[in-house]
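Letter by letter, the chains look like this.
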Amino acid sequence: MDSPGSPKSGAPEAAKQIHAIHEIAANRSDFQDEIQALYQQWAENYDKDMDPTHYGGPAFGADALNKALKDKNAHIVDCAAGTGKVGEELAKRGFTRIDAVDFSPKCLEISASKGVYERLICDKLGSNRLKGIDDGYYSALICVGAISVGHLTHDVFPEFNRIVKKGGFIVFTRSKLVFPDGNENHTGALDEIQNAIDILIKEGVWELVDIVSIDESFCVGYGCDVYTIRRL
């Protein structure tokens, strides 16, 4: 039987790659280049390995934004877009103006082939300012599967706030992944992210519109919280 929070045995390749990402992050302080290289290698097989039976996150995120944002022509940015799975789900729900940001050129190349994005921006996400995006440019932002150990942490929130206009929506998932080894780097990182979310809400920078807790169907055996935030 799988341990709570551990990858499903039925998704071996997806679980293997995700575990590798988190192990890189747990054992190195500067890991972004190595994780970027991993995604460059994985990109061709990513959609097959992370099909909806193993990764329900894109649909859950798109559902949350669809619930909050009624204007189907609103300009949306998909951050950490990867191979475009979230963009596809948004397009299915009728959204027509979507941009993508990701640090993997190969993943963006695959995203481009799906025909759901207006603009593709190859840049890393973090405390840096994203190139070519003005303040308050987007009506909404979505970020699925990336607020997690080994991906993005709370230092990206100021940039989210910069590029989304006041009154706009920010939808993101916060991973609940903790591997059975109980690595303190994992649990500590997730606690820091949660604390940053709570502070932004308490200080009135964000308004919490909705939070949905997703079980292990989110991604190969672990859950997440899907946050819908209004940028104040």
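Scroll up to find the structure this text is about.
A few points on the structure. Sequence positions are assigned chain by chain, starting from 1 and proceeding in written order. It should be noted that, the model being predicted, local features are given only for residues of pLDDT at least 70 and side-chain atom pairs only at 80 or more, the latter also being counted only at that level, while totals for whole chains, interfaces and linings use all residues. Each side-chain value is worked out from all heavy atoms of the structure, with water and hydrogens disregarded.

**Thoughts on the pattern of salt bridges**
Here is step 1: Every case where a carboxyl oxygen of Asp or Glu lies within 4 Å of a side-chain nitrogen of Lys or Arg is listed as a salt bridge. Scanning all chains against the criterion turns up 15 salt bridges.
Here is step 2: Of the charged contacts in the structure, one is a salt bridge between E88 and K114, with a shortest N-O distance of 3.4 Å. Within this pair, whereas E88 is found in helix α4 (residues 85–92), its partner K114 is found in the loop between α5 (105–112) and β3 (119–122), the two being separated by 26 residues in sequence.
Here is step 3: K114 sits in the partly exposed class, given a relative accessible area of 22%.
Here is step 4: Through salt bridges with shared partners, a single network forms among D63, E89, K92 and R93. The secondary structure listing takes helices from DSSP runs of H or I that are at least 4 residues long and strands from runs of E that are at least 2 residues long, numbered from the N terminus. Think of it in three bands: residues with accessible area under 20% of the maximum for their type are buried, residues over 50% are exposed, and the middle band is partly exposed, with areas taken using a 1.4 Å probe on protein chains only.

**Section: the packing of helix α2 (residues 32–49) against α5**
Here is step 1: Axis lines are fitted to C-alpha atoms, over the contacting stretch for helices. Their N-to-C directions set the angle, which ranges from 0 to 180 degrees. Two elements in contact, α2 and α5, have axes whose closest approach is 7 Å; the angle formed by their N-to-C orientations is 30°. In terms of their interaxial angle, α2 and α5 are classed as roughly parallel. Along its contact with α2, which presents Q36, Y39, Q40, A43, E44 and D47, the element α5 presents P105, K106, C107 and I110.
Here is step 2: All amino acids are sorted into three groups, where Ala, Val, Leu, Ile, Met, Phe, Trp, Tyr, Cys and Pro are nonpolar, Asp, Glu, Lys and Arg are charged, and the leftover types, Gly among them, are polar. In terms of residue class, the contact of α2 with α5 is built from five nonpolar, two polar and three charged. Here the angle decides the label: under 35 degrees means roughly parallel, over 145 means roughly antiparallel, 65 to 115 means roughly perpendicular, and every other value means oblique. Residue contacts follow a heavy-atom distance rule, with two residues in contact if any of their heavy atoms lie within 4.5 Å.

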